[in-house]
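Summary of structural features
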Amino acid sequence: GMVAFTADYRVASRHGVKAADCVRDAKSAVRWIRANSKRLGIDPDRIAAAGGSAGGHLAASAAPLPDLDNPLEDRTISARPDALVLFNPAVVLAPVPGLTPFRDPAEMEKRMGVPPETISPYHHIAKGAPPAVIFHGRADTTVPYATVEAFAKQMAELGNRCDLHGYDNQTHGFFNYGRGGNKAYNDTLQKMDAFLVSLGYLRPAAPVLH
């Protein structure tokens, strides 16, 4: 019952772009899928965006960030995913009260191409945001666990669903295939499946393990 798409996006090393351009590419991908949903045979109201690390940031950014659209596209077609599946995502890219800063804002703006708040999913959470599930290692030093905790808390305070699954002693990318005998790989896939089943996107079925 699932149709999957792999979306590519431009990167600084190959295309000389800023992160803001990557967000535009993510939004374009969601908009293209929705615009072509009839011929693809999919439900345009059940599009889940997923990604890990920077890809997780882009999936999360496609929902709330305004004004980062390709100007040549039909903006009457929504680029907003209906659900988010995020693996160690970067969801806080600008200062948050009570959170220890982990990146220099001036350096971030240079890399992002826009002020950090513009491209930070946390800073644009609003009531009615797409339901989300997050898988994150508590020992992640690339994207500190406290940032996704803050994101999940803000989501809940605004009445949005955000299921946060923290994994003790696990670092960035702990869920990738081939690591640790695939224990985390299988566990995160089963929890992802359960999340999508709970939304009515998938039918309940026995998990397929690899």
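Residues numbered from 1 in each chain as written. Predicted model: local features only at pLDDT ≥ 70, side-chain atom pairs only at ≥ 80, totals over all residues. Heavy atoms only, no water.

1. Describing the pattern of salt bridges
Filter applied, for reference: Note on definitions: salt bridges are taken to be side-chain nitrogens of Lys or Arg within 4 Å of carboxyl oxygens of Asp or Glu. Each helix corresponds to a stretch of at least 4 residues labelled H or I by DSSP, and each strand to a stretch of at least 2 residues labelled E; elements are numbered beginning at the N terminus. Relative accessible area decides the class of each residue, using a 1.4 Å probe on protein chains only: under 20% of the type maximum gives buried, over 50% gives exposed, and in between gives partly exposed.
Summed over all chains, the structure comprises twelve salt bridges. The residue D168 makes a salt bridge to R138 at a minimum N-O spacing of 2.9 Å. A residue pair is termed long-range when its members are at least 10 positions apart, and D168 in the loop between β4 (162-167) and α7 (183-198) and R138 in the loop between β3 (132-137) and α6 (145-157) qualify at 30 residues. For the salt bridge of K191 with D187, the shortest nitrogen-to-oxygen distance reads 2.8 Å. Pair noted here: K191 and D187 are both in helix α7, with a separation of four residues, about one helical turn. On the basis of relative accessibility, which here comes to 26%, the residue D187 falls in the partly exposed class. Taken together, the shared-partner salt bridges in this structure form one network comprising K27, R31, D69, E73 and R75.

2. Considering empty space enclosed by the protein
Rules: Cavities and pockets were defined on a 1 Å grid built from protein atoms only: a cavity is a group of points that admits a 1.4 Å probe but offers it no way out, a pocket is an open group of points flanked by protein on both sides within 12 Å along at least five of seven lines, and a lining residue is one with an atom within 4 Å of any such point. Grid points are joined across faces, edges and corners, and a volume is the space filled by probe spheres set on the points. Gly is placed with the polar residues, together with every amino acid not listed as nonpolar (Ala, Val, Leu, Ile, Met, Phe, Trp, Tyr, Cys and Pro) or charged (Asp, Glu, Lys and Arg).
The full count for this structure, using the stated rule, is two cavities of 30 Å³ or more. In this structure, the largest cavity spans a volume of roughly 120 Å³. Grouping the constituent residues of the lining of the largest cavity by class yields ten nonpolar, one polar and one charged. A volume near 70 Å³ is recorded for the second largest cavity.

3. Notes on the sheet that holds β3
Pairing between sheet strands relies on hydrogen bonds along the backbone, with the strands arranged either parallel or antiparallel. What counts, and what does not: Criterion used throughout: strands pair if DSSP finds at least two bridges between them. Lines fitted to C-alpha atoms define the axes here, with helix axes fitted over just the stretch in contact, and angles between the N-to-C directions of these axes take values from 0 to 180 degrees. Contact criterion: two residues are considered in contact whenever any of their non-hydrogen atoms come within 4.5 Å of each other.
The four strands are arranged β1-β2-β3-β4 in an open sheet whose pairing can be described as parallel. Looking at strand neighbours, the two that pair on one side only are β1 (48-52) and β4, the edges of this open sheet. Across this sheet, the average inter-strand angle for adjacent strands is 10°, counted without regard to direction. Of the pairings in the sheet, the one linking strand β2 (residues 83-87) to β3 comprises four bridges and is parallel in character. Bridge pairing in β3 links L86 to I134. This element, α6, spans β3 and β4 of the sheet and lies at about 160° to β4.

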